[in-house]
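# Examination of the molecular architecture
Each chain, letter by letter, is given below.
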Amino acid sequence: MYDNNQNNGDRLFESIRQGDIGAYEMLFKKYYLSMCMIARRIVEDEDVAKDLVQEIFIRLWEKRKTYDFQEMTDIFLYVSVRNKCFDYLRSRKKLPLQQELKAADNEYFFRDILIEEETYRIIMEAIDALPVQSGRVIKLSLEGKQNKEISENLGISVNTVKSLKYKAMDTLRAVLKDYFYLLLVFLA
């Protein structure tokens, strides 16, 4: 289907440009949460962040035939979030820290947020692809729960939790490759 590489991103946007609502929904489901997390970090208001991201998606659909998508999918969307958030802050005159910083500092600020949220999105997609029970075990581990708490929460034995966790980590190690060490950081 569609994924993050350039050719598939081009096909996804081309499908959206042609009015394919399924491709649009796929794009929305894949990026909405991480875009909201980035927006929330910038504007520091969850409701405003959600509104700004929804405006981006609405505008994308309304203007789909006129956009010239030169960048990869994720870059286009994340730059849209950054610009929309900074425009919002400027309009509200809530940009005191950013106004004092140079433009490059804003770029570093955004880049750091983007790297963190994109990494989290990639890891969560890999976890969501695990068998359901294994995914639940890993997600509860990410919440800081110990094996005993996880077993009580899921109604399974501690040994089953350990087994599921071991198998899930083995699968994630193979799937995530270069990102696996970041999963370990999140689990620490």
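Residues numbered from 1 in each chain as written. Predicted model: local features only at pLDDT ≥ 70, side-chain atom pairs only at ≥ 80, totals over all residues. Heavy atoms only, no water.

Our focus in this paragraph is the packing of helix H3 (residues 46-62) against helix H4 (residues 73-91). Direction vectors running N to C along H3 and H4 enclose 125 degrees, while the axes themselves pass 10 Å from each other. Relative to H4, H3 is oriented oblique. Crossing of H3 over H4 shows right-handed handedness. Taking contact as the criterion, the partners of Val 48, Leu 52, Val 53, Glu 55, Ile 56 and Leu 60 in H3 are, on H4, Phe 76, Ser 80, Val 81, Lys 84, Cys 85 and Tyr 88. Classifying every residue of the contact of H3 with H4 gives nine nonpolar, one polar and two charged. (Axes fitted to C-alpha atoms, helices over the stretch in contact; angles between N-to-C directions. Helix = DSSP H or I, 4+ residues; strand = E, 2+ residues; numbered from the N terminus. Parallel < 35°, antiparallel > 145°, perpendicular 65-115°, else oblique. Left-handed = near helix turned anticlockwise from the far one by under 90°. Contact = heavy atoms within 4.5 Å. Nonpolar A, V, L, I, M, F, W, Y, C, P; charged D, E, K, R; others polar.)

Okay, the environment of Ile 138 next. By secondary structure assignment, the location of Ile 138 is in helix H7 (residues 132-142). Taking C-alpha positions, Ile 138 is 6.5 Å from Lys 165, a pair spaced 27 residues apart along the chain.

With that settled, the discussion passes to the packing of helix H2 (residues 21-43) against H3. When two helices pack together, their arrangement is given by the angle between the helix axes and by the axis-to-axis distance. Viewed as axis vectors pointing N to C, H2 and H3 meet at an angle of 145 degrees, and their least axial separation amounts to 8 Å. Considering only the axes of H2 and H3, their crossing is right-handed. Along the contact surface, H2 presents Ile 21, Tyr 24, Leu 27, Phe 28, Tyr 31, Tyr 32, Met 35, Cys 36, Ala 39, Arg 40 and Val 43, while H3 presents Glu 46, Val 48, Ala 49, Lys 50, Leu 52, Val 53, Gln 54, Ile 56, Phe 57, Ile 58, Leu 60 and Trp 61. Taken together, the residues of the contact of H2 with H3 sort by class into 19 nonpolar, one polar and three charged.

Right, let's get into the pattern of salt bridges. Tallying each qualifying case throughout the model produces six salt bridges. Close ionic contact of Lys 84 with Glu 55 constitutes a salt bridge, the shortest N to O distance being 2.9 Å. Placement of the pair is Lys 84 in helix H4 and Glu 55 in helix H3, with a sequence separation of 29 residues. Across the pair Asp 128 and Lys 139 runs a salt bridge, and its minimum N-O distance is 2.6 Å. One end of the pair, Asp 128, is in helix H6 (residues 103-128); the other, Lys 139, is in helix H7, with eleven residues separating them in the sequence. Taking the relative accessible area as the measure of exposure, Lys 139 reaches 32% and is therefore partly exposed. (Salt bridge = Lys/Arg side-chain N within 4 Å of Asp/Glu carboxyl O. Buried < 20%, exposed > 50% of the residue type's maximum accessible area, 1.4 Å probe, protein only.)

We now examine H4. Here H4 spans 27 Å end to end across 19 residues, near enough to the 27 Å set by a 1.5 Å rise per residue. Of all the positions in H4, only Thr 73, Asp 74, Phe 76, Leu 77, Tyr 78, Ser 80, Val 81, Arg 82, Cys 85, Phe 86, Tyr 88 and Leu 89 are classed as buried. (Expected span 1.5 Å × (residues − 1).)

Here we come to the nonpolar core. Residues Leu 27, Met 35, Ile 42, Val 43, Val 53, Phe 57 and Val 81 are the most contacted members of the largest nonpolar core, which totals 30 residues. Looking at this core, the elements with two or more residues in it are helix H1 (6-17), H2, H3 and H4. A per-element tally of this core places H2 first, with eleven residues. Residues contacting Phe 57, with those up to four places away along its chain left out, are Tyr 24, Leu 27, Phe 28, Tyr 31, Tyr 32 and Met 35. Within the second largest apolar cluster, ten residues are counted, among which are Leu 130, Ile 138, Met 169 and Leu 172. (Core = buried A, V, L, I, M, F, W, Y, C linked by side-chain atoms within 4.5 Å.)

For residues besides glycine, phi is generally negative; the peptide bonds are generally trans as well. At Glu 44, a position not held by glycine, the phi torsion is positive, near 60 degrees. For Glu 44, the position within the fold is in the loop between H2 and H3.

Right, let's talk about the packing of aromatic side chains for a bit. When we look at a pair of aromatic rings, we describe it by the centre distance and by the angle of the planes. A complete count under the given rule lists five aromatic pairs for this structure. Relative to Phe 57, the ring of Phe 28 lies with its centre 4.9 Å away and its plane at 70 degrees, an arrangement referred to as edge-to-face. With Phe 28 in helix H2 and Phe 57 in helix H3, the pair connects residues that are 29 residues apart, well separated along the chain. Ring centres of Tyr 31 and Tyr 78 lie 6.0 Å apart, and the angle between their planes is 75 degrees; on these two criteria the pair is classed as edge-to-face. Remark: Tyr 78 occurs in helix H4 and Tyr 31 occurs in helix H2; sequence separation between them is 47 residues. Taken as a pair, Tyr 31 and Tyr 78 share a single burial class, namely buried. Aromatic ring contacts, followed pair by pair, group Tyr 24, Phe 28, Tyr 32, Phe 57 and Trp 61 into a single cluster. (Phe/Tyr/Trp six-rings, centres within 6.5 Å; stacked < 30°, edge-to-face > 60°.)

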